[in-house]
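# Structural overview for review
As a plain string of letters, each chain reads:
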Amino acid sequence: MKKLVIVMRALIFFMIGILLFLFLSPLFVPKTGNSKKGFYRAIIQGFYDEPENSLDAVFIGESSIYKSISPIEMWEEHGFTSYDFASPGQKIWDSYYCMKEALKYQKPKVIILNADQAFDAKPLSKFFKSHLYDNMPLSMNKIEAVMDPVQKNTTEEIASYLFPIFKYHSRWSELDEEDFKMANENYHYAKKGYVLIKKKKAYKGDNNYLQKEDKTNKITPESEKYLLKIKELCQENGIPLLLLEMPAPKVWNKTKQQEMTKWAVKNNVPFLDLNKVVSEMGIDWKTDTSDKGIHMNIYGAKKVTKYVGNYLKENYSLPDHRNDPNYRQWKQDQEEYEKACNI
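Residues numbered from 1 in each chain as written. Predicted model: local features only at pLDDT ≥ 70, side-chain atom pairs only at ≥ 80, totals over all residues. Heavy atoms only, no water.

### A short note on the nonpolar core
Across soluble globular proteins, you tend to see nonpolar side chains buried next to one another. Quick note on the threshold: As used here, the term nonpolar core means buried Ala, Val, Leu, Ile, Met, Phe, Trp, Tyr and Cys residues forming a set that is joined through side-chain atoms within 4.5 Å. Between buried and exposed lies partly exposed: a residue is buried under 20% and exposed over 50% of the maximum accessible area for its type, with that area taken using a 1.4 Å probe on protein chains only. Secondary structure elements are defined from DSSP: runs of H or I of at least 4 residues count as helices, runs of E of at least 2 residues count as strands, and each element is numbered from the N terminus. In this description, contact between two residues means that some pair of their heavy atoms is separated by no more than 4.5 Å.
Ranked by internal contacts, the top residues of the largest apolar core, which has 91 residues, are Phe85 and Leu312. For this core, the leading source of residues is helix 5 (residues 92-105), giving eight residues. When neighbours within four sequence positions are excluded, Leu312 is seen to be in contact with Phe59, Met74, Phe80, Val110, Ile112, Leu242, Ser317 and Leu318.

In structure tokens:
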């Protein structure tokens, strides 16, 4: 009987410890809101603030997604709802777990995945991994994600992603009102995951980049494994998957295009490569990129968003919610977005 009491006390003590970690971890994670250094948190947290089953399309991927696709622009023109559930440097396996996470809260009519990630098999850096997993609530999906061998996380790193307090405990003296206020509530992100950049840095390279080959650009076995898992996940949920590649002369080429096209045809997955329609979109490499041809700025993003919005509307029959009172928050977010564009 005494042994049972000791075991029960130890178990209760352990559970109390776990609950304290769960409660305190969000308090210690840095809260930088929508500032220059804090938009990573805003993107992930903002997704959880969207009402359940309210999104018609979900974009998943890395920075080329959240710098090229503006959901509010699509809402303004077509009335369907979408979100950029993306994070910097995201790998294809991270995208798989992000997709699983998204499907816990949303039942979109289409999921759009960034294609270029299939060619990058290097593990995500600790810095970028933290921005994604620190802001994802603890769940079996998150546990599975950070413990997946493909991540190459150490035991210490796994613990820090599951309980960020291990990583940020030294912030105790910095805690302020915003930390306590934001600890257990989601950040409402009016731009719906999009990161607005006005900086212009022209691409000055060869415009015939789609004629260039690089035989080292292959879809690795590990990447293909997760591409297939993503495809299967969409099939299990009855949701169409669309592969999408943004205009990016500094990172895209003929070899990648051929490899991804081959995979898409083989697996019967639509692939929209915007590099093939740069002229049709009206992209000007002198004004529409923020970093010499890697990412779009707001001027390029508007052109990309318009083209992709038309494509989605035509091919997936997405609904128009603009006159639906249940979506009044989108009208308010549109006003906030337009102010940000005009600043």
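### Side note on the environment of Val278
Along the chain, the position of Val278 falls in helix 13 (residues 278-281). On the accessibility criterion, Val278 (12% relative accessible area) is buried. A sequence separation of 31 residues divides Val278 from Pro247, and the C-alpha atoms of the two residues are 6.9 Å apart. Beyond its immediate sequence surroundings of up to four residues, Val278 is in contact with Tyr209, Pro247, Ile283 and Trp285.

### A short note on the packing of aromatic side chains
Put simply, the test is: Aromatic pairing here means that ring centres of Phe, Tyr or Trp (its six-membered ring) are within 6.5 Å. Orientation follows from the plane angle: under 30 degrees is stacked, over 60 is edge-to-face, and everything else is tilted. As a reminder, the over-ring test applies to NZ of lysine and CZ of arginine, requiring each to be within 6 Å of the ring centre and within 35 degrees of the ring normal.
Across all of its chains, the model carries 15 aromatic pairs by this definition. On the basis of an interplanar angle of 75° and a centroid distance of 5.6 Å, the ring pair of Phe47 and Tyr83 is categorised as edge-to-face. In this pair, Phe47 sits in helix 2 (residues 39-49) while Tyr83 sits in strand 2 (residues 82-86), placing the two residues 36 residues apart along the sequence. Looking at Phe47, the relative accessible area reads 1%, which means it is buried. By relative accessible area, which is 0% here, Tyr83 ends up buried. Here the aromatic residues Phe47, Tyr48, Tyr83, Phe85 and Tyr105 are joined through ring pairs into a cluster of three or more. The ring of Trp330 is capped by Lys192, whose NZ or CZ atom sits 4.3 Å from the centre of that ring. Sitting over the face of the ring of Tyr299, Lys200 holds its NZ or CZ atom 4.7 Å from the ring centroid.

### Examining helix 14 (residues 298-316)
This is how it is decided: For a helix, the expected span equals 1.5 Å multiplied by the number of residues minus one. The arc refers to the directions leading from the helix axis to the C-beta atoms. Any N or O atom pair separated by 3.5 Å or less is treated as a polar contact, with the protein-specific requirement of one donor-capable and one acceptor-capable atom, and with residues adjacent in sequence counted only for side-chain atom pairs.
Look at helix 14: 25 Å from first C-alpha to last across 19 residues, which is about the 27 Å you get at 1.5 Å a residue. Taken together, the buried positions of helix 14 are Ile298, Gly300, Ala301, Val304, Thr305, Val308, Gly309, Leu312 and Tyr316. For helix 14, the angular spread of buried residues about the axis comes to 155°, placing them on one side. Each element contacted by the buried residues of helix 14 is listed here: strand 1 (57-61), helix 4 (71-78), strand 3 (110-114), strand 4 (241-245), helix 13 and helix 15 (328-342). A side-chain oxygen of the first residue of helix 14 lies 3.1 Å from the backbone nitrogen of Tyr299; this N-cap is Asn297.

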